[in-house]
Amino acid sequence: NIVYSDRKTLGITVTPDKQVLIRSPFNASNNKINSIIQKRLNWISNKLSYFESLPPLAPERKYISGESHYFLGKQYRLKVIKSPWEIVKLKGAYIQVYTMHGNNERIVKILLDNWYLEKAKIRFNNILNSWIQKFHKYRITKPNVIIKKLKKRWGSCSVKGNIILNSDLIKTPVPCINYVIVHELCHLVYRNHDKDYYKLLSTIFPEWAIIKLLIDKQYSFI
């Protein structure tokens with residue numbers, strides 16, 4: 001698809017749904033466009049292959065019984081149970097949501113999100129405590145951790161030294177949580193992704209590249 005606009009340069013974008021979008025100046029000739037596309041064919045092909053390798057996007061959640069949800073990398077079935085109590089329990093192969101509101105999508109989502117958040121607070125804090133010891137030589141103290149929904153990141157490190165973690169991270173395997181927390185702790189020592197940063201990350205967490213590939217490819221749909 002080619003979109004013409006009042007711009008000076010030609011840009012190529014490959015979208016996750018495997019569409020190739022060409023943004024072109026109004027005065028660009030077809031020969032010019034084709035020439036640039038030919039030069040970028042390998043890049044386009046690699047991008048298409050990458051998106052092809054990703055798991056399909058999960059359908060929009062309806063929060064009804066039988067729906068699949070993840071916790072610590074394992075898949076569970078949601079079971080909504082009419083009850084005078086509002087509580088969520090993990091039992092066998094099910095995440096059971098007890099609610100007096102029955103199959104109310106909004107209420108079930110709120111209860112489930114709050115359950116994930118409480119589990120994340122406990123799990124993330126324990127994991128952080130286990131890793132912070134490895135940073136003592138860098139004079140790093142335990143940072144303040146903020147857990148909330150993030151649209152495009154698993155985690156980030158603020159200029160004030162706070163670590164922000166995506167609450168959905170609790171749905172991924174423990175090694176993935178370890179990686180994201182160590183990744184952000186390393187930013188307390190080196191702010192940028194420079195040579196020194198990756199040297200530190202590789203020293204503290206040698207298998208980081210493998211785990212990053214896992215979380216980016218296998219759990220990007222959560």
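Rules used throughout
Residues numbered from 1 in each chain as written. Predicted model: local features only at pLDDT ≥ 70, side-chain atom pairs only at ≥ 80, totals over all residues. Heavy atoms only, no water. Phe/Tyr/Trp six-rings, centres within 6.5 Å; stacked < 30°, edge-to-face > 60°. Lys NZ or Arg CZ within 6 Å of the ring centre and 35° of its normal. Helix = DSSP H or I, 4+ residues; strand = E, 2+ residues; numbered from the N terminus. Buried < 20%, exposed > 50% of the residue type's maximum accessible area, 1.4 Å probe, protein only. Lys, Arg positive; Asp, Glu negative; His and termini not counted. Salt bridge = Lys/Arg side-chain N within 4 Å of Asp/Glu carboxyl O. Polar contact = N/O pair within 3.5 Å; in protein donor to acceptor, adjacent residues only side chain to side chain. Contact = heavy atoms within 4.5 Å. Pairing = 2+ DSSP bridges. Axes fitted to C-alpha atoms, helices over the stretch in contact; angles between N-to-C directions. Core = buried A, V, L, I, M, F, W, Y, C linked by side-chain atoms within 4.5 Å. Arc of directions from axis to C-beta.

(A) Fine view of the packing of aromatic side chains. Across all of its chains, the model carries seven aromatic pairs by this definition. One aromatic cluster in this structure is built from Phe 71, Trp 115 and Tyr 116. Looking at Lys 79, its charged tip hangs above the ring of Tyr 94, at a distance of 5.4 Å from the centre. When the ring centre of Tyr 98 is taken as origin, the NZ or CZ atom of Lys 89, which lies over that ring, is 5.6 Å away.

(B) Structural context of the side chain of Glu 184. Considering the arrangement of structural elements, one finds Glu 184 in helix α4 (residues 174-186). Buried charge Glu 184 goes without a salt bridge, the closest partner of opposite sign being Arg 153 at 6.9 Å. There is a polar contact of 3.5 Å between the side chain of Glu 184 and the backbone nitrogen of Ser 156. Apart from the residues within four sequence positions on either side, Glu 184 is in contact with Gly 155, Ser 156, Cys 157 and Ile 163.

(C) Looking closely at the environment of Lys 199. Mapped onto the fold, Lys 199 is located in helix α5 (residues 195-204). Considering only alpha carbons, one finds Lys 199 and Cys 186, 13 residues apart in sequence, at a separation of 9.9 Å.

(D) Examining the pairing of strand β7 (residues 94-99) more closely. Pairing of strand β5 (residues 74-82) with β7 involves six bridges; the strand directions are parallel. Bridging across to β7, Lys 79 finds its partner in Gln 96.

(E) Local environment of the sheet that holds strand β8 (residues 145-148). The strand order β8-β10-β9 describes an open sheet built from three strands, whose pairing is mixed. The sheet is open, and its two edges are formed by β8 and β9 (155-157), each paired on a single side. Strand-to-strand twist across the sheet, computed as the mean angle between neighbouring axes with direction ignored, equals 15°. Contacts between helix α3 (residues 105-132) and the sheet are confined to β8 and β10 (163-166), with β8 contributing the most and set at about 150° to the helix.

(F) Structural detail: the sheet that holds strand β1 (residues 2-5). In space, the three strands of this open sheet follow the order β1-β3-β2, with mixed pairing throughout. Taken across any chain shown, the strands that pair with only one partner, and hence form the sheet edges, are β1 and β2 (11-14). Pairs of neighbouring strands in the sheet enclose a mean axial angle of 20°, with direction left out of account. In this sheet, strand β3 (residues 20-25) lies alongside β2 in antiparallel orientation, the contact comprising four bridges. From the neighbouring strand, Val 14 faces β3, where its bridge partner is Val 20. Across the sheet, helix α2 (residues 41-53) lies against β2 and β3, angled at about 20° from β2, the strand it touches most.

(G) Fine view of the nonpolar core. By size, the foremost hydrophobic cluster in this structure holds 45 residues, and its most contacted members are Leu 112 and Phe 124. Those elements that provide at least two residues to this core are β5, β7, α3, β10, α4, α5 and α6 (208-218). Top element by residues in this core is α3. It accounts for twelve residues.

(H) Layout of α6. All of the buried residues along α6 are Trp 208, Ile 211 and Ile 215. Angular distribution of buried residues about the axis of α6 spans 70°; they occupy a single face of the element. Opposite the buried face of α6, at more than 90 degrees from it, the exposed residues are Ile 210 and Leu 213. In this structure, the buried side of α6 is in contact with α4 and α5.

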